[in-house]
Amino acid sequence: MAKHTKEDFEDFGLGEKSYSKGYRSLNKDGSFNIEKTNISFLERLNFFHSLVTMKWSHFFGIVALTYFLVNTLFASIYSLIGIENLTGIHGLSPFEQFMEAFFFSAQTITTLGYGQVAPLGLLANIVAAIESLLGLLFFALATGLFYGRFSKPISKIKFSQKAIIAPYQDINGFMFRLVNPQKNELLDVEINVSVSMKRENSELRDFHILDLERDNVRFFPSMWTVVHPIDKNSPLSELSKSDYFEKDLEFIAMLKAFDESSGQMVYSRSSYKPEEIEWGQKFVYAAKRDNGKLLVDVSRINESEKAELN
């Protein structure tokens, strides 16, 4: 059996092809810049994932639209089997009768039943019974989806918009910052950073996992500067600023942490391209003490100042 080396696991599944220069596989917001094509509608269909991950406005819009369409459908059914099978709406115009049937449907599907309109006859009662059952199932599903969206752990880790090449001890280092702007506590925070670069005279890319000054912290209440020392063992050690563009480097950062509020693991991702890296800079200190507290100014996460490189 062949033995696996560390290099066998350095491809993050993003593909070895270099594609066009300037392409980024991971967007700044953590989404993948990859789209699958030629997939059949049924294979692509995933109602649960779509309803749980879409925007809140879209979710409530779909719920409201479904509610309206279902009631319109049942109001049409009541009209087809005969309005005379509903009490209390005789003598009204056709439009008023349809609206009364619509509101009767809304009362039936929610099991509200004010009592002004009631079904008469076997057929109307069967339709009302089926509608009340569908209403229970619909609202149970909507409630489950609402709770699933509400309880889904979401990490809103804020990454600095830029990374820097800054002096670090007697060498230089690749650095970026991150902070948790929310009040939920994150524990056992781990981060790993990799870099992909185009091979020389080739259309393939290499992936390297970077060694970090610190790749985990027990608590994450403040701002964290992630540092990769560019020593002789670093894949960046012999690269100049122009090489970053020539090799089309992409730094990919992935954070994993335990969210104390939800009791679940949360993940966050971001990436940096050469044009988002500043050389000869260092991050400014973004915290100060006030009345016994340490105040972290999140708005200064991107602030840096000039520094001489080693």
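Residues numbered from 1 in each chain as written. Predicted model: local features only at pLDDT ≥ 70, side-chain atom pairs only at ≥ 80, totals over all residues. Heavy atoms only, no water.

Novice: Teacher, can you tell me more about the overall build of the protein chain here?
Specialist: A tally of helices and strands in the protein chain yields 6 helices and 14 strands. Here the protein chain has a C-alpha radius of gyration of 29 Å; the compact-globule value for 310 residues is 19 Å, and the former is much larger. With respect to the three principal axes, the spread of C-alpha positions in the protein chain is 90 × 60 × 40 Å. Counting over 310 residues, the protein chain shows a buried share of 36%. (Helix = DSSP H or I, 4+ residues; strand = E, 2+ residues; numbered from the N terminus. Rg over C-alpha atoms; globule rule 2.2 N^0.38 Å. Buried < 20%, exposed > 50% of the residue type's maximum accessible area, 1.4 Å probe, protein only.)

Novice: How should I be thinking about the nonpolar core in this particular structure?
Specialist: Buried together is how nonpolar side chains tend to be arranged in soluble globular proteins. Membership of the largest hydrophobic core comes to 31 residues, with the highest contact counts inside it found for Phe174, Phe176, Leu178, Ile191, Leu236, Tyr244 and Phe251. Among the elements of the structure, β2 (163–168), β3 (171–179), β4 (186–198), β7 (224–230), β8 (250–259) and β9 (264–272) are those that each provide at least two residues to this core. The element contributing the most residues to this core is β4, with 6 residues. The residues touching Phe174, leaving out its near neighbours within four places in the chain, are Ala163, Ile164, Ile165, Val226, Val227, His228, Ile230, Leu236, Phe251 and Ile277. (Core = buried A, V, L, I, M, F, W, Y, C linked by side-chain atoms within 4.5 Å. Contact = heavy atoms within 4.5 Å.)

Novice: Got a minute to help me understand helix α4 (residues 94–109) in this structure?
Specialist: Helical geometry note: an α-helix holds 3.6 residues per turn, so side chains three or four residues apart project in the same direction. For α4, which comprises 16 residues, the first-to-last C-alpha distance of 22 Å matches the rise-based estimate of 22 Å (1.5 Å per residue) to within 8%. Along α4, the residues classified as buried are Gln97, Ala101, Phe102, Phe104, Ser105, Ala106, Gln107, Thr108 and Ile109. After α4 finishes, the residue Thr111 shows a positive phi value of roughly 55 degrees. (Expected span 1.5 Å × (residues − 1).)

Novice: Looking at this model, I keep getting lost on the environment of Val189. Mind explaining?
Specialist: Inspection of the secondary structure puts Val189 in strand β4. A relative accessible area of 0% places Val189 in the buried class. With 26 residues separating them along the chain, Val189 and Asp215 place their C-alpha atoms 8.4 Å apart. Among residues more than four places away in sequence, those in contact with Val189 are Asp215, Asn216, Val217, Phe220, Trp224, Leu255, Lys256 and Ala257.

Novice: Can you walk me through the packing of aromatic side chains in this structure?
Specialist: The description of an aromatic ring pair uses the distance of the two centres, along with the angle that the planes make with each other. Per the stated rule, a full pass over the model turns up 17 aromatic pairs. Consider the rings of Trp56 and Phe146, whose centres lie 5.5 Å apart with planes at 70 degrees: the pair is edge-to-face. Residue Trp56 is located in helix α3 (residues 56–81), and its partner Phe146 is located in helix α5 (residues 121–151); the two are separated by 90 residues in the primary sequence. Judged by relative accessible area, Trp56 falls into the partly exposed class, the value being 36%. Taken together, Phe159, Phe174, Phe176, Tyr244, Phe251, Tyr272 and Trp279 form an aromatic cluster joined through their ring pairs. (Phe/Tyr/Trp six-rings, centres within 6.5 Å; stacked < 30°, edge-to-face > 60°.)

Novice: Looking at this model, I keep getting lost on a nonpolar patch on the surface. Mind explaining?
Specialist: Nonpolar side chains collect at one region of the surface, where Leu122, Ile126, Ile130, Leu133, Leu134 and Leu137 lie side by side and expose about 590 Å² of accessible area between them. Within the fold, Leu134 resides in helix α5. You can call Leu134 partly exposed: its relative accessible area is 40%. (Patch = residues over 30% accessible without salt bridge, like charges linked within 9 Å, V, L, I, M, F, W, Y side chains within 5 Å. Areas by Shrake-Rupley, 256 points an atom, 1.4 Å probe, with all protein chains shown as cover. Salt bridge = Lys/Arg side-chain N within 4 Å of Asp/Glu carboxyl O.)

Novice: Explain the confidence of the model for the protein chain to me, please; I cannot follow it from the model alone.
Specialist: Do not read the predicted coordinates in detail wherever pLDDT is low. For the protein chain, per-residue confidence averages 85 on the pLDDT scale, and 92% of positions sit at 70 or higher. Low pLDDT, under 50, characterises residues 1–9; the stretch is placed with 2 contacts to residues that sit more than four places away or in other chains. (pLDDT = per-residue confidence, 0-100.)

Novice: Sorry, what's going on with the environment of Ser79 here?
Specialist: For Ser79, the location among the structural elements is in helix α3. Each C-alpha atom of the pair Ser79 and Gln97 lies 8.3 Å from the other, and the pair is 18 residues apart in sequence.

Novice: Honestly, unusual backbone geometry in this entry has me stumped. Any pointers?
Specialist: Most peptide bonds adopt trans geometry, and most residues besides glycine take a negative phi value. Look at Asp248: it is not a glycine, yet its phi comes out positive at around 55 degrees. With respect to the helices, strands and loops of the structure, Asp248 is situated in the loop between α6 (241–246) and β8.

Novice: Would you take a moment to explain α5 for this structure?
Specialist: Its 31 residues give α5 an end-to-end C-alpha distance of 45 Å, which sits within 8% of 45 Å, the value for a rise of 1.5 Å per residue. Where α5 is concerned, the buried positions are Ala124, Val127, Ala128, Glu131, Gly135, Phe138, Ala142, Leu145 and Arg149. Those residues of α5 that are buried lie in contact with α2 (47–53), α3 and α4.

Novice: Honestly, the pattern of salt bridges in this entry has me stumped. Any pointers?
Specialist: One side chain can pair with another of opposite charge once the charged atoms of both are near each other. Inspection of the entire model under this criterion finds 8 salt bridges. The closest approach of N and O atoms between Glu190 and Lys256, which form a salt bridge, is 3.8 Å. Residue Glu190 is found in strand β4, and its partner Lys256 is found in strand β8; the two are separated by 66 residues along the sequence. Given the relative accessible area of 39%, Glu190 is considered partly exposed.

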